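Chain by chain, the residues:
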Amino acid sequence: MSRIRSVATSIPAVNRRTVLAATGAAAVSAGVGYALRPTDSHAATEAGTEATRVVAQSRRAPVAPLAPYTKGTTLASVAAPRSASGYRRLGDGPGWSRVVRGDLAAAKSGRAGRRTALAAFVQLTDLHLIDAQHPMRLEYLRSTDKHAWRPHEALTVQGAISLVERINALRGAPVTGSALHFAMTTGDNTDNNAKSELEWFLKIMSGGRITPNTGDPRHYEGVQNSGLKTYWQPDSTVRDGDKQLGFPHLQGYLAAAIREVRSPGLNLPWYSTVGNHDAMPLGCYGHGDSWLAEYAVGGRKLMSLSASEAKKLQDHIKSGNDPKGLAFRDLLKAHARDMRSVTPDPARAPYTPADYLKAHLDPAYRGLGPVGHGYSTANLEAGTQYYTFRIADDVVGISIDTTDPGGHYEGSIGTAQLNWLEKQLKDNDNNGSYVVVFSHHTSKTMTNTGHVDPARPNERRHNGQEVLATLGRHRNVLAWVNGHIHRNDITAHSSSAGGSFWEISTASHVDYPQLARVIELADNKDGTISLFTTLVESAAPHRTDFSDLTQTGLAALYREVSYNAPGAGTSLGGDANDRNTELVLKKG
């Protein structure tokens, strides 16, 4: 069938839900799992006006609805250890069943036969693509915190490409059979705020060839061939601390890790939301220190630090009392003689918010669109990174920027953005559109209100509770989708103002269990709406082969090594209530 676009798109005053019900469009959408051109994207200007529209077509819908399926999702199988101790090899484990949650509304019998699909999309979050040889990395914090450095960090690119391959292989939405309309990344796409990582991210999402290497083009230069026993030395026979835990000796691992790979790019349109690691060096230090900027691209790298000094630096970062990185800079200067020589590389330079926007707008990274992946030239002119876009005929997406340019890794938003959010919610409530909000930070991690935004020094910062209150005033809000905490967590929110919605936080793809999440919206035709969440792993096989150092073999190792990483959290997969779910709520 032809792609459908609601006439109400050009008539904001008309209630879309009323129009669709009157014309039977909702029933049509359920019958074919239609794929809109997901969206006109409206960037936020400083004055809060709408900007030029950017339109992209989603992938073609199937002729008939797909039957519900589990293959390729965590409903069917999840990677699980095959042994009880030591370095644990992974294999095929049992799947995670779907849990129906009625915290906000009772699930009524017979709804499966009545429901119609509203929309379906995929959330990726916290990819943390890592330039593992970057001088700014804090690997040496491992002397005080085992998980401050992950032994699989050289394989983030291969792991992320495998996740793209899994999403491309999905047959549509697992429950409703709807076509998947788009994918959204909810931040921390990069790790060091390095231009090299930003290029890798955009090529992974839109397609292209990537060489995950900086510095010397001939070989790896970093902690994993340093000879230091603090770190896993995969190519060496050195009995490092990780090998004492059972980590393997893999000759040729590092050469394979920096070898060129290819990403097919997503086969559906994708949108981008900014995270703290995308906004600031190391995800916690504000821009502006010229010494640190030069150090990032220079030829010296600190690889070891005493436990006491590492603890002091880590405490500085956690407390947020060094938002500009002055203490960090002074520590590096004090250890200049302890640094090792590496090959300088301008590709490791930090990128600014303007650089981030320009890169997204670059036609070379368009993929299947939309141009800018949500961002527009209006964002660039206004210095903002938040926008709205149409998901389906009667569903709108709002991407907000919860990063704090003043420094620190926790989030907040400024007054202008909060007022803009209120206006978008009100306007869409008036015209009958449901709303899904996307951000990087969760409501509980938006606590960073004590630092000043250098671009808006007189503006107040607002916390997560204030955002919850804003969303709770509008009954058209269905969900707030985010990441940051690297853990699956789903929370029901209801407000005395009458609104209720689900906050859906998804695990990262850098820490085990390395997941993405499919989210489906469906009208049950009984006064309730269901949101279905289904987690997916990458396409890499659960079982690894230590002799397989191909792109796929490395993606499998990425998962297994992350499972075995010393100090890794064991609860990031969340409880059953946070994984594969049906989330019911009353229609607004």
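Residues numbered from 1 in each chain as written. Predicted model: local features only at pLDDT ≥ 70, side-chain atom pairs only at ≥ 80, totals over all residues. Heavy atoms only, no water.

### Re helix α4 (residues 156–169)
Thought 1: Between its first and last C-alpha, α4 extends 20 Å over 14 residues, near the 20 Å set by a 1.5 Å rise per residue.
Thought 2: Of all the 14 residues making up α4, twelve are buried; the element is thus mostly covered by neighbouring parts of the structure.
Thought 3: Along α4, the positions that sit buried rather than exposed are T156, V157, Q158, G159, A160, I161, S162, L163, V164, R166, I167 and N168. (Helix = DSSP H or I, 4+ residues; strand = E, 2+ residues; numbered from the N terminus. Expected span 1.5 Å × (residues − 1). Buried < 20%, exposed > 50% of the residue type's maximum accessible area, 1.4 Å probe, protein only.)

### Details of unusual backbone geometry
Thought 1: A cis amide bond links G369 to the next residue, P370, at an omega of -5°.
Thought 2: When you line up the elements, P370 lands in the loop between α11 (353–361) and α12 (377–382).
Thought 3: Phi angles above zero are rare outside glycine, and H128 is one such case at about 50°.
Thought 4: Along the chain, H128 turns up in the loop between β6 (116–124) and α4.
Thought 5: Even without a glycine there, the phi angle at H373 is positive, about 50°.

### Considerations on the side chain of H134
Thought 1: Its location among the elements puts H134 in the loop between β6 and α4.
Thought 2: Take H134: its relative accessible area is 1%, and that puts it in the buried class.
Thought 3: The residues contacting H134, other than those within four sequence positions of it, are N192, A194, A296, K301 and R348. (Contact = heavy atoms within 4.5 Å.)

### Points about the confidence of the model for the chain
Thought 1: Predicted confidence across the chain gives a mean pLDDT of 90, with 89% of residues reaching 70 or more.
Thought 2: Considering only residues more than four positions removed or in separate chains, one finds that residues 1–14, a stretch of pLDDT under 50, has 25 contacts.
Thought 3: Counting interchain partners and residues more than four positions distant, the pLDDT-below-50 stretch residues 47–63 has 59 contacts. (pLDDT = per-residue confidence, 0-100.)

### Side note on the environment of H408
Thought 1: Among the secondary structure elements, H408 is positioned in the loop between β14 (395–399) and β15 (413–414).
Thought 2: When the C-alpha positions of H408 and G320 are compared, they lie 5.3 Å apart, and in sequence the two are 88 residues distant.
Thought 3: Residues in contact with H408, not counting those within four places in the same chain, are M280, G283, C284, I317, K318, S319, G320, N448 and H451.
Thought 4: Within the structure, H408 has its side chain in polar contact with the backbone oxygen of I317 (distance 3.3 Å). (Polar contact = N/O pair within 3.5 Å; in protein donor to acceptor, adjacent residues only side chain to side chain.)

### Digging into the packing of aromatic side chains
Thought 1: Scanning the model with the defined rule gives 21 aromatic pairs in all.
Thought 2: Summarising the aromatic geometry, the rings of F121 and F182 are spaced 4.9 Å apart at their centres and angled 15° between planes, so their arrangement reads as stacked. Of this pair, F121 sits in strand β6 while F182 sits in strand β7 (residues 182–186), placing them 61 residues apart in sequence.
Thought 3: On the basis of relative accessible area, F121 is assigned to the buried category, the value being 0%.
Thought 4: On the basis of relative accessibility, which here comes to 0%, the residue F182 falls in the buried class.
Thought 5: Considering the side-chain rings of F182 and F389, the 5.4 Å spacing of their centres and the 90° angle between planes classify their relative orientation as edge-to-face. You can see F182 sitting in strand β7 and its partner F389 sitting in strand β13 (residues 387–392), a full 207 residues away along the chain.
Thought 6: The lysine or arginine in question, R89, covers the ring of F546, its NZ or CZ lying 3.8 Å from the ring centre.
Thought 7: The ring of W96 has R579 sitting right over it, with the charged end atom 4.3 Å from the ring centre. (Phe/Tyr/Trp six-rings, centres within 6.5 Å; stacked < 30°, edge-to-face > 60°. Lys NZ or Arg CZ within 6 Å of the ring centre and 35° of its normal.)

### Describing the sheet that holds strand β10 (residues 270–273)
Thought 1: If you walk across this open sheet you meet the seven strands as β5-β23-β22-β21-β6-β7-β10, and the pairing is mixed. Where the open sheet ends on each side, the last strands, each with one partner, are β5 (99–101) and β10. The average angle at which neighbouring strand axes cross in this sheet is 20°, direction not considered.
Thought 2: Looking at chain direction, β6 and β7 are connected through four bridges and run parallel. Each residue of the ladder has a partner; that of L124, found in β7, is T185.
Thought 3: Contacts from α4 reach β6, β21 (516–523) and β22 (528–536), with the element oriented near 165° to β6. (Pairing = 2+ DSSP bridges. Axes fitted to C-alpha atoms, helices over the stretch in contact; angles between N-to-C directions.)

### Here's the deal with the nonpolar core
A general tendency of soluble globular proteins is for nonpolar side chains to be buried together.
Thought 1: I391, V436, F438, I504 and L521 are the most contacted members of the largest nonpolar core, which totals 66 residues.
Thought 2: Ranked by size, the runner-up nonpolar core spans 45 residues in total, among them L138, L141, I258 and Y285. (Core = buried A, V, L, I, M, F, W, Y, C linked by side-chain atoms within 4.5 Å.)

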